[in-house]
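Summary of structural features
Each chain is listed here by its residues.
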Amino acid sequence: MSAEKIIGDWKKKSFKPVYWLEGEEDYYIDMVVDHAEHKILDESEAGFNLTVFYGRDAEWTAVVNACKRYPMFAERQVVLLKEAQQMKDIEKLESYIEHPLASTIFVVAYKTKTLDKRTKLSKLLKQTAEVFTSEKLKDFKVQEWIKEMVTGKGYSISSKAVILLEEHIGNDLSRMANEIDKLSVNLKGRKEITEDDIEKFIGISKEYNVFELQAAIAKKDLAKAVKIIQYFEGNPKAAPIQMVLPALYASFSKVYTIFGMNDKSEAALKPHFYFNATAVKNALECVRNYGYEGIERILLLLHHYNLKGVGVGDTGTSDASLMKEMVVKMIA
């Protein structure tokens with residue numbers, strides 16, 4: 001069961017008495033809860049038949065009593081329990097969940113984690129409720145998710161723009177969705193999101209970013225690499241070292257795997273790099289310019305300077321100085 005399937009069922013007026021939403025990814029849980037709060041009941045029904053609790057302040061008895069009420073002037077009522085992971089005695093909801101009221105839609109948002117599967121509550125939910133586990137999106141799926149999100153809104157997006165969003169935001173889906181909404185509002189009739197739009201409306205430089213730094217290192221262009229790092233130094237929020245080094249490590253790790261592939265042609269590498277022609281070109285340039293030992297040295301340097309960046313073996317050196325020192329050792 002996915003968030004989209006739950007909402008799709010609701011739109012068809014197909015409801016279950018209890019929905020338990022759990023997991024590390026807030027985006028999909030928030031999507032379902034928002035629909036439950038604002039779309040299941042119309043405005044006139046919601047005044048009498050929508051009840052919202054927050055886990056930190058909610059008493060289990062009050063939640064159960066609300067669930068056991070019958071709807072007024074409507075076929076059903078909605079009871080939401082947000083931030084349920086903060087609720088004391090949550091296991092005492094078991095008595096209601098075992099015998100829920102058909103006219104109540106009880107939606108529980110248990111965010112940031114999942115229930116211990118060994119507990120009685122977890123076993124009971126599996127038997128009687130619709131359980132949805134929202135998992136963090138894997139890093140290698142972020143670009144695909146961005147494209148699907150943009151396409152779903154009726155727009156297209158350039159490959160470079162996708163990379164800029166991924167590098168700047170990562171797998172924070174809620175923030176990503178907000179930024180895509182911001183872009184769509186500012187396009188003013190256009191249907192394609194470009195890297196210029198990313199720079200103008202989100203503030204991510206199309207010239208000075210992690211992707212361009214990786215490309216400069218691939219080309220052994222020390223002057224450009226240092227220039228990009230100097231931009232990072234003047235704009236510390238744009239690319240802190242804690243974001244730059246893991247992103248570089250992920251990129252060069254992909255390059256490292258090429259040496260184990262029998263077919264190293266561009267066509268064979270495209271699926272490996274999510275069909276991004278520019279990324280494939282940079283990767284092959286890396287292979288030519290550094291070879292196996294050179295890429296291995298880059299990965300070791302990234303690990304070493306990542307430790308320095310968090311204070312292991314180094315105190316007081318600025319992030320920019322560490323990165324400049326690192327790229328000199330990589331390219332030299």
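None of these values were measured; they are calculated from a predicted model. (Residues numbered from 1 in each chain as written. Predicted model: local features only at pLDDT ≥ 70, side-chain atom pairs only at ≥ 80, totals over all residues. Heavy atoms only, no water.)

This part takes up the overall build of the protein chain. A tally of helices and strands in the protein chain yields 16 helices and seven strands. Its C-alpha atoms put the protein chain at 75 × 50 × 45 Å along the principal axes. Of all 332 residues assigned to the protein chain, the portion counted as buried reaches 46%. When contacts within the protein chain are restricted to residue pairs at least 6 apart in sequence, long-range pairs at least 24 apart make up 74% of them. Summed over its atoms, the accessible surface of the protein chain is roughly 17100 Å², and 51% of this surface lies on carbon and sulfur atoms. (Helix = DSSP H or I, 4+ residues; strand = E, 2+ residues; numbered from the N terminus. Buried < 20%, exposed > 50% of the residue type's maximum accessible area, 1.4 Å probe, protein only. Contact = heavy atoms within 4.5 Å. Areas by Shrake-Rupley, 256 points an atom, 1.4 Å probe, with all protein chains shown as cover.)

Spatial ordering of the open sheet is given by 2-3-4-1-5, a layout of five strands whose pairing is parallel. The sheet is open, and its two edges are formed by strand 2 (50–54) and strand 5 (130–133), each paired on a single side. Recorded for the sheet is a direction-independent mean angle of 15° between the axes of neighbouring strands. Sheet analysis places strand 3 (residues 77–82) next to strand 4 (residues 104–111), joined by five bridges and oriented parallel. (Pairing = 2+ DSSP bridges. Axes fitted to C-alpha atoms, helices over the stretch in contact; angles between N-to-C directions.)

Of note in this structure, Lys 188 is not a glycine but carries a positive phi near 55°. By the secondary structure assignment, Lys 188 is in the loop between helix 9 (173–186) and strand 7 (192–193). Lys 188 sits in the exposed class, given a relative accessible area of 76%. Positive phi is not limited to glycine here, since Lys 220 has a value of about 60°. Its place among the elements puts Lys 220 in the loop between helix 11 (210–218) and helix 12 (222–234).

Moving on, we come to the pairing of strand 5. Where burial is concerned, the two faces of strand 5 differ: the one with Glu 130 and Phe 132 is buried and the one with Val 131 and Thr 133 is not. When strand 1 (residues 18–23) meets strand 5, the two strands line up parallel, connected through four bridges. Bridging from a neighbouring strand, Tyr 19 pairs with Glu 130 of strand 5.

So, on to helix 8 (residues 159–169). Along helix 8, ten of the eleven residues are buried, which leaves the element largely enclosed by surrounding structure. If you check which residues of helix 8 are buried, you get Lys 160, Ala 161, Val 162, Ile 163, Leu 164, Leu 165, Glu 166, Glu 167, His 168 and Ile 169. Just beyond helix 8, the residue with positive phi is Gly 170, at close to 70°.

Turning our eyes to something else, we now look at the pattern of salt bridges. This model, assessed by the stated rule, comprises 19 salt bridges. In this structure, the salt-bridge partner of Lys 16 is Glu 130, at a minimum N-O distance of 2.8 Å. On the criterion of sequence distance, the pair formed by Lys 16 in the loop between helix 1 (3–11) and strand 1 and Glu 130 in strand 5 is long-range, its members being 114 residues apart. With relative accessibility at 11%, the residue Glu 130 sits in the buried group. In this structure, Glu 325 engages Lys 308 in a salt bridge whose closest nitrogen and oxygen atoms are separated by 3.6 Å. Of this pair, Glu 325 sits in helix 16 (residues 319–331) while Lys 308 sits in helix 15 (residues 277–309), and the two are 17 residues apart along the sequence. Looking at Glu 325, the relative accessible area reads 32%, which means it is partly exposed. When salt bridges with common partners are traced through the structure, they connect Asp 30, Glu 83 and Lys 111 into a single cluster. (Salt bridge = Lys/Arg side-chain N within 4 Å of Asp/Glu carboxyl O.)

Attention now moves to the packing of helix 8 against helix 9. Closest axis-to-axis distance for the helix 8/helix 9 pair is 10 Å, and the angle between their directions is 140°. The orientation of helix 8 with respect to helix 9, classified from their angle, is oblique. Relative to helix 9, helix 8 is oriented so that their crossing is right-handed. Residues Leu 165, Glu 166, His 168 and Ile 169 of helix 8 touch helix 9, and the partners they reach there are Arg 175, Met 176 and Glu 179. Here the residues of the contact of helix 8 with helix 9 sort into three nonpolar, one polar and three charged. (Parallel < 35°, antiparallel > 145°, perpendicular 65-115°, else oblique. Left-handed = near helix turned anticlockwise from the far one by under 90°. Nonpolar A, V, L, I, M, F, W, Y, C, P; charged D, E, K, R; others polar.)

This next bit is on the environment of Glu 233. Mapped onto the elements, Glu 233 comes out in helix 12. The spacing of Glu 233 and Lys 308 is 75 residues in sequence and 17 Å in space, taken between C-alpha atoms. In contact with Glu 233, not counting residues within four places along its chain, are Ala 320 and Lys 324.

Next up on the list: the packing of aromatic side chains. Inspection of the entire model under this criterion finds ten aromatic pairs. Ring geometry for Tyr 27 versus Tyr 28: centroids 5.1 Å apart, planes at 80°, classification edge-to-face. The buried category is assigned to Tyr 28, whose relative accessible area is 17%. Within the aromatic cluster, the residues linked to one another by ring pairs are Tyr 27, Tyr 28 and Trp 145. Positioned over the ring face of Tyr 155 is Lys 191, at 4.7 Å from the centre of the ring. Lys 220 extends its terminal NZ or CZ atom over the ring of Tyr 290, reaching a point 4.8 Å from the ring centre. (Phe/Tyr/Trp six-rings, centres within 6.5 Å; stacked < 30°, edge-to-face > 60°. Lys NZ or Arg CZ within 6 Å of the ring centre and 35° of its normal.)

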